[in-house]
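Next come the chains, spelled out residue by residue.
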Amino acid sequence: MAAEPGMAQDRAQVAQQYRTWLEQTVWPRASAKGVSRSTFEAAFDGVKLNWDLPDLVPPGSKPATPKRQRQAEFGLPGRYFSRGAIDGATSVGRDMARRHAATLAAVEKRTGVPGRIILAVWGRESGYGRVDIPHDAFEVLGTKGFMSTRAGYFTDELIAALVIAEAGHVSARSMKSSWAGALGQPQFMPSSFLGYAADGDGDGRADIWGSEADTIASIGTYLARHGWDAGRDWGFEVVVPPSVSCTLEGPDQGRPIRDWESMGIARVSGRPFPEAERGAEGFLLMPAGRNGPAFVVTPNFYVLKDYNMSDLYALFVGHVGDRIQYGMGDFAGRWGEVGGLYRSDVAEMQRALEAQGHDVGGVDGLPGFKTRRSIGRWQEASGRPATCFPEARMKDSLRP
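Residues numbered from 1 in each chain as written. Predicted model: local features only at pLDDT ≥ 70, side-chain atom pairs only at ≥ 80, totals over all residues. Heavy atoms only, no water.

Asks: Can you help me understand the sheet that holds strand β4 (residues 255-256) in this one?
Replies: In space, the five strands of this open sheet follow the order β4-β6-β7-β3-β5, with antiparallel pairing throughout. The open sheet has two edge strands, β4 and β5 (266-267), and neither has a second partner. As judged from the three bridges shared by strand β6 (residues 281-285) and strand β7 (residues 294-297), these two strands associate in the antiparallel manner. Within the sheet, the bridge partner assigned to Leu-285 lies in β7 and is Phe-295. (Pairing = 2+ DSSP bridges. Helix = DSSP H or I, 4+ residues; strand = E, 2+ residues; numbered from the N terminus.)

What follows is the structure, given as structure tokens:
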């Protein structure tokens, strides 16, 4: 929900402060980066503050959490893998694999990133370019740079967007973004565009709005530069026996895959792990704790997380990629009936666990791997079966 300005700060006053901020803060920084005055003026011609954006902090006010949460802000992890999302990303992805076979092969040869992974990222980010990207990037980035909870970050991204416009990659008025300022079909923030956008069709430009070849090349370049290992897969669905604690999850608790195997962890397919993977490092991933599918993932999984910092996002991409290329079916493990909590409920649990000395990865109301395994460690220490996932009945038990 957007913030409202205080009584002393009506929107007309704030709008004037915004224009002053553009002139006194943004323009000097942009000019120092080589942005011309004509590009700067074109970027903000007719652009106003967008009061409908989330996480706004108008001048003179303080960040506030809404007093009422109208619905649970995170729920059943399995909802991320809805039938429609999975089937749509897979079927259209197969069409795109045929249509862009030559480009995908060339980009895979250059970057080492499999075409199926590039396709799955593209599908998740913008539905292969079919999802409308409706916002004016300068309106979004200007508003959030001027008055949001992460104003410094968005100001940097606003400068990067001006550099993009100055270079002629796209005109200012054609630079469309998401409500968070992410650009084009790969949904790059402007700084990522400057670092990773690539020309996939040989016309000398990196057009991530209109060119599917440039989109494919840009996603591949991003993942390669973030460390994708061409010799490894992203991960494998596994069965974790009761003898293996769910508290062993996390990218900081890796061990050779053969060691996980020796502990009794096996692939759901019944096939052995590929021989080339067995001596390499793997990590236990249980995104719903004991209430859902489990995986042994490779460092490539965490490269996918660099694209979007979510376990479920990276898992979706790997899974859809496998479906596109190999015809894989649904996960063998089933998502349990967990969720239904508010983020504030999870944050309360996180604070209680922190008070007991657990590292939950910060109080943000989201059950990341550090929170999941902290719950499991608390459960084990208190004689409970470890499930490694927040449940409503834990709130009272965790209170001191």
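The rest of the description comes next.
Asks: Explain the environment of Ala-30 to me, please; I cannot follow it from the model alone.
Replies: Relative to the elements of secondary structure, Ala-30 occurs in helix α1 (residues 11-32). Leaving out residues up to four positions away in the same chain, Ala-30 has contacts with Val-35, Ile-159 and Leu-162. (Contact = heavy atoms within 4.5 Å.)

Asks: Honestly, the nonpolar core in this entry has me stumped. Any pointers?
Replies: Proteins that are soluble and globular tend to have nonpolar side chains buried together. With 83 residues, the main nonpolar core has Phe-44, Phe-138, Leu-162, Met-175, Leu-223 and Leu-315 as its most contacted residues. Broken down by element, the residue count for this core peaks at eight residues, all from helix α13 (residues 311-326). If near-sequence neighbours (up to four positions away) are discounted, Leu-315 is found in contact with Phe-81, Trp-234, Leu-285, Pro-287, Phe-295, Phe-301, Phe-331 and Trp-335. Grouped together as the second largest cluster of nonpolar side chains are 16 residues, Val-244, Ile-257, Ala-294 and Cys-388 included. (Core = buried A, V, L, I, M, F, W, Y, C linked by side-chain atoms within 4.5 Å. Buried < 20%, exposed > 50% of the residue type's maximum accessible area, 1.4 Å probe, protein only.)

Asks: Can you walk me through unusual backbone geometry in this structure?
Replies: Most of the time, phi is negative for any residue but glycine, and the peptide bond is trans. The backbone phi angle of Asp-55 is positive, close to 65°, even though this residue is not glycine. Among the structural elements, Asp-55 can be located in the loop between α2 (37-43) and α3 (83-99). Here the phi dihedral of Tyr-128 falls at roughly 60°; this positive angle occurs in a residue that is not glycine. Within the secondary structure, Tyr-128 is located in the loop between α5 (115-126) and β1 (135-136). Residue class for Tyr-128 comes out buried when judged on its relative accessible area of 3%.

Asks: Would you explain the packing of α5 against helix α9 (residues 212-225) in this entry?
Replies: Relative orientation and spacing of two packed helices are given, respectively, by the angle between their axes and the distance between those axes. Closest axis-to-axis distance for the α5/α9 pair is 10 Å, and the angle between their directions is 110°. By the criterion of interaxial angle, the relationship of α5 to α9 is roughly perpendicular. For the pair α5 and α9, the contacting residues are Ile-117, Ile-118, Val-121 and Trp-122 in the first and Glu-212, Thr-215, Ile-216, Ile-219, Gly-220 and Leu-223 in the second. When its residues are assigned to classes, the contact of α5 with α9 shows seven nonpolar, two polar and one charged. (Axes fitted to C-alpha atoms, helices over the stretch in contact; angles between N-to-C directions. Parallel < 35°, antiparallel > 145°, perpendicular 65-115°, else oblique. Nonpolar A, V, L, I, M, F, W, Y, C, P; charged D, E, K, R; others polar.)

Asks: Quick question: what am I supposed to make of the state of the cysteines here?
Replies: Covalent bonding between the sulfur atoms of two cysteines is what defines a disulfide. Within this structure, the stated rule accounts for one disulfide. Disulfide pairing is shown between Cys-246 and Cys-388; the S-S distance is 2.1 Å. On the sign convention where negative is left-handed, the bridge of Cys-246 and Cys-388, at about 80° about the S-S bond, is right-handed. Taken together, the residues Cys-246 in the loop between β3 (235-239) and β4 and Cys-388 in the loop between α15 (369-381) and α16 (394-398) connect sequence positions 142 residues apart. Judged by its relative accessible area of 2%, Cys-246 falls in the buried class. On the accessibility criterion, Cys-388 (0% relative accessible area) is buried. (Disulfide = S-S within 2.5 Å.)

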